[in-house]
Amino acid sequence: MSENQRPNFASRANELTIEGRAFINGQFVPAASGKTFKTVNPANGKILADVAEGDVEDVNRAVAAAKAAFEDGRWAKMAPKERKRALLRLADLVEANIEELALLESLDNGKPVDDALAADLPDCIESLRWHAEAIDKLYDQVSPTPGDIVSLVVREPIGVVGAVIPWNFPLAIIAMKVGPVLAGGNSIVIKPAEQTPLTAIRFAELVAEAGIPPGVVNVVPGFGETAGQALGRHMDVDCLTFTGSTEVGRYFLKYAAESNLKRVILELGGKSPAIVMDDVTDFGPVVEQLAMGILFSQGENCSAGSRLLVQEGIKDKLLSAVVEHFRTWRVGDPLAAGTKVGALIEEKHMHRILDYIESGKQEGGRIILGGNRVLQETGGFFVEPTVFDNVNNSMKIAREEIFGPVLSTIPFRTVEEAIQIANDTPYGLAASLYTNNLHTAHKVSRAIRAGTVSVNCFSEGDQSVPFGGFKQSGFGGREKSFLAHDQYSQVKTIWMQLR
Ligand code: NAD
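The model shown is predicted, which means the values in this text are computed figures rather than measured ones.

**As for the overall build of the protein chain**
Of regular secondary structure, the protein chain possesses 16 helices and 24 strands. Here the C-alpha radius of gyration of the protein chain, 23 Å, is about what a compact globule of 499 residues would show, namely 23 Å. Principal axes of the C-alpha set define a box for the protein chain whose edges measure 75 × 60 × 45 Å. Relative to its 499 residues, the protein chain shows a buried fraction of 56%. Pairs at least 24 residues apart make up 75% of the contacts formed inside the protein chain by residues separated by at least 6 positions. Here the protein chain has roughly 20100 Å² of accessible surface; of this, 51% comes from carbon and sulfur atoms. Averaging the coordinates of the 50 positive side-chain charges in the protein chain and doing the same for the 62 negative ones gives two points 4 Å apart.

**Some points on the sheet that holds strand E12 (residues 272-276)**
Strand order across the open sheet formed by seven strands is E14-E17-E18-E13-E12-E20-E21, with mixed pairing between neighbours. Across the chains shown, the open sheet's two edge strands, defined by having one partner strand only, are strand E14 (366-369) and strand E21 (452-455). Strand-to-strand twist across the sheet, computed as the mean angle between neighbouring axes with direction ignored, equals 25°. Examined bridge by bridge, E12 and strand E13 (residues 305-311) share five bridges and lie parallel to one another. Residue pairing across strands places Pro273 opposite Arg307, the latter belonging to E13.

**Some points on helix H12 (residues 347-362)**
The end-to-end C-alpha distance of H12, which contains 16 residues, comes to 23 Å, matching closely the 22 Å that a straight helix rising 1.5 Å per residue would cover. Within the span of H12, buried status applies to His349, Met350, Ile353, Leu354, Tyr356, Ile357, Ser359 and Gly360.

Conventions used here
- Residues numbered from 1 in each chain as written.
- Predicted model: local features only at pLDDT ≥ 70, side-chain atom pairs only at ≥ 80, totals over all residues.
- Heavy atoms only, no water.
- Helix = DSSP H or I, 4+ residues; strand = E, 2+ residues; numbered from the N terminus.
- Rg over C-alpha atoms; globule rule 2.2 N^0.38 Å.
- Buried < 20%, exposed > 50% of the residue type's maximum accessible area, 1.4 Å probe, protein only.
- Contact = heavy atoms within 4.5 Å.
- Areas by Shrake-Rupley, 256 points an atom, 1.4 Å probe, with all protein chains shown as cover.
- Lys, Arg positive; Asp, Glu negative; His and termini not counted.
- Charge placed at Lys NZ, Arg CZ, Asp CG, Glu CD.
- Pairing = 2+ DSSP bridges.
- Axes fitted to C-alpha atoms, helices over the stretch in contact; angles between N-to-C directions.
- Expected span 1.5 Å × (residues − 1).

Structural measurements only, silent on function.
Below, the structure written as structure tokens:
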């Protein structure tokens, strides 16, 4: 978008009317308790809006609405092509309101509005469209039984889905779940992260405008330990889909075990390696991808390439190119043109990142770029792109998910050693590899225990390919692609004796 086509987001922000109520059974309602909480703009520390603080009572109401909608078939039994049209209308409405939604996402999360416009929102629209298009193109099966019997293997919706959402890509992750959940004929209760409830609430308004019946999509803002736990433990929630930290993900398995054994799907954290082999000759494209991997979204990205594994012979040369390129990623006001690194989600999280930087120094890591809080005068929570050299894989900054713009460099000698270090982590979400050697590309991509391996790129791809984690990065299923439909459906076998 050229500078003169670009909206004046700062003045648009002043004109926004922000809805903060919950959306239950097609209506905006305050929390049953009347309580609210405040959501803050991380770029200046100022309060954006008061939001309904949903709790057990609100979750009960939302689940009851979702269950009633599911049981009377107002959505599940609607003709597939009608359901498809409604979901496509929703995608069109998101697209028609793309600038407002991107602005709201940026204000609530701190990410550059241009990233929300170029990545989060297109991703959201695409998730809705891709799964909508699939609705009337998926067939069930007839199994090869003897002639006097017919056996049908059919997919049926699982019922009421609870979705607990993180703050890093709020609307994109909601759509990643709403697309296949609604395509399958289910109802959903969404609990957005307490830091970023605003786009979820605005999205609910568009759901109603698209003509999706009341009760099919509900949004209950609130805190994890209250509203999130209530959804996880609810006896009428048939499936709980969660994206967030591994630590919180574990709770949902416990909640399910202690309630109704609901299906649980977990998309969790990561500590992904970016491996650079010494056969790489052109560092230009590599450093661009490395920057995308760790600086995009302020590093608050589950599949961030946070461990740079580099073959010894090229380490110093590569690191000079990394530092030079990372300096071009401007930290600043998320609404300003040219900002590439926005504000971190909240003050507590910023301090957590600064503590990791301190621990990296204490353990012998050497900072070659950044390492500090910046723009403190704005009242916002900014940390500059930071690169560590001299890291080994047993240091805390190499083992734990920092979730910020901090890259840790770990040298290796051989391909085998690179594979060993890459896999020496409890996580297994993603990995990227840079090489000119086809043999190395095959060998490493097959040997890495991660859900997505990208060679000579950093990307999570397209709606058509599955996304999810190995090891402690995921549990129970895959987002995107037709595998996402499997998560939100049940298989039924029907036998019919023919006489
Ligand atoms: P988080 O786990 O702190 O919170 C996620 C959600 O869980 C929020 O809605 C929160 O309110 C809720 N929650 C918190 N405590 C709860 C509890 N005790 N019971 C029930 N619900 C509870 O995660 P976050 O800080 O919002 O997001 C960052 C994390 O998400 C990172 O670890 C990141 O890697 C992960 N993530 C993973 C993916 C993926 O697809 N694998 C995508 C994005 C983010």
